[in-house]
Amino acid sequence: MREVTVGDKNFELFIDADTLAERVRVLGQQINSDFADKKPLFLVLLKGAYVFASDLIKHFEHECTISFFRLSSYRGMESSGELMLLDAFGTEIQDRHVIVVEDIVDTGNTLSAFLPALTSVGPASVQVVSLLSKPEVLQGKIHIDYLGFEIPPAFVVGYGLDYNEAGRNFPAIYQLKK
Ligand code: IMP
């Protein structure tokens, strides 16, 4: 599909499924060799990153575990609140090599709030993999260890990303039509 409609908005094809698959394969193979002997924990930020994570971890050929994390509200959240959420997921983070899987780093506020809380639980290491990043709107500094694509600051849907909860199902990424 060259164009899709989600809610009241029209979107046009931006990154096709083959291009996504090839980039995800490269990222997956890098992680595969970097974490070969580390038994990493893939910590997937819901909901947007679930499609990307699903494809990414198929390229990991060694022992690993996967867990999911939902940040329903990140603005103004106390770090103690975030720690409670980490515990609530029952995930053993302490001493683990954690790979945070994110769909898109936009302003960076989500990861700015999440990463310090994660680090305070005592993981052996924390690395970030994000499919997309919009460097022009990034506030502050977020280090992305494995990045799929840098994109301009237009709104995108598909491949897990939503507009008002819809549009996650498309196999490609679509950009808001001007
Ligand atoms: P940040 O906190 O501003 O970096 O935003 C991160 C979150 O906002 C992502 O995990 C997405 O859920 C959402 N987001 C940011 N930009 C987009 C977009 O273009 N399309 C869909 N969701 C987005």
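Basis of the calculations
Residues numbered from 1 in each chain as written. Predicted model: local features only at pLDDT ≥ 70, side-chain atom pairs only at ≥ 80, totals over all residues. Heavy atoms only, no water. Salt bridge = Lys/Arg side-chain N within 4 Å of Asp/Glu carboxyl O. Buried < 20%, exposed > 50% of the residue type's maximum accessible area, 1.4 Å probe, protein only. Near = heavy atom within 4 Å. Polar contact = N/O pair within 3.5 Å; in protein donor to acceptor, adjacent residues only side chain to side chain. Areas by Shrake-Rupley, 256 points an atom, 1.4 Å probe, with all protein chains shown as cover. Helix = DSSP H or I, 4+ residues; strand = E, 2+ residues; numbered from the N terminus. Core = buried A, V, L, I, M, F, W, Y, C linked by side-chain atoms within 4.5 Å. Contact = heavy atoms within 4.5 Å. pLDDT = per-residue confidence, 0-100.

**Quick notes on the pattern of salt bridges**
Thinking step 1. Tallying each qualifying case throughout the model produces eight salt bridges.
Thinking step 2. For Lys58, the salt bridge identified is with Asp55, shortest N-O distance 3.3 Å.
Thinking step 3. Classification of Lys58 as exposed rests on a relative accessible area of 61%.
Thinking step 4. For the salt bridge of Asp162 with Arg168, the shortest nitrogen-to-oxygen distance reads 3.5 Å.
Thinking step 5. With a relative accessible area of 23%, Asp162 lands in the partly exposed category.
Thinking step 6. Residue classification places Arg168 among the buried positions, given a relative accessible area of 11%.

**Let's talk about the site of the ligand**
Thinking step 1. Residues in contact with the ligand amount to 15 residues; listed here are only the nearest, Asp103, Thr107, Gly108, Thr110 and Val156.
Thinking step 2. Interatomic distance of 2.7 Å between a side-chain N/O atom of Asp103 and an oxygen atom of the ligand.
Thinking step 3. Between Gly108 and the ligand, the recorded distance is 2.7 Å, taken from a backbone N or O atom to an oxygen atom.
Thinking step 4. Alone, the ligand offers 490 Å² of accessible surface; in the complex the protein occludes 84% of this.
Thinking step 5. At the level of secondary structure, the elements contributing two or more residues to the shell around the ligand comprise β5 (97–105) and α4 (109–120).

**Examining the side chain of Asn32**
Thinking step 1. Note on placement: Asn32 falls in helix α1 (residues 17–34).
Thinking step 2. For Asn32, a relative accessible area of 10% translates into the label buried.

**Quick word on the nonpolar core**
In a soluble, globular protein the nonpolar side chains are often hidden away together inside.
Thinking step 1. Among the nonpolar cores identified, the biggest contains 27 residues, and Ile31, Phe52, Val129, Leu131, Leu132 and Ile173 are the most heavily contacted of them.
Thinking step 2. Here Leu131 is in contact with Leu20, Val24, Phe52, Glu102, Asp103, Leu147, Gly148, Phe149, Tyr159 and Ile173, once residues within four sequence places are set aside.
Thinking step 3. Ranked by size, the runner-up nonpolar core spans 16 residues in total, among them Phe69, Leu118, Ile142 and Ile144.

**What about the confidence of the model for the protein chain?**
Detailed reading of the predicted coordinates is not advisable wherever pLDDT is low.
Thinking step 1. Here the protein chain averages 90 in pLDDT, while 89% of its residues score no lower than 70.
Thinking step 2. Low pLDDT, under 50, characterises residues 73–81; the predicted model gives this stretch six contacts beyond four residues in sequence or across chains.

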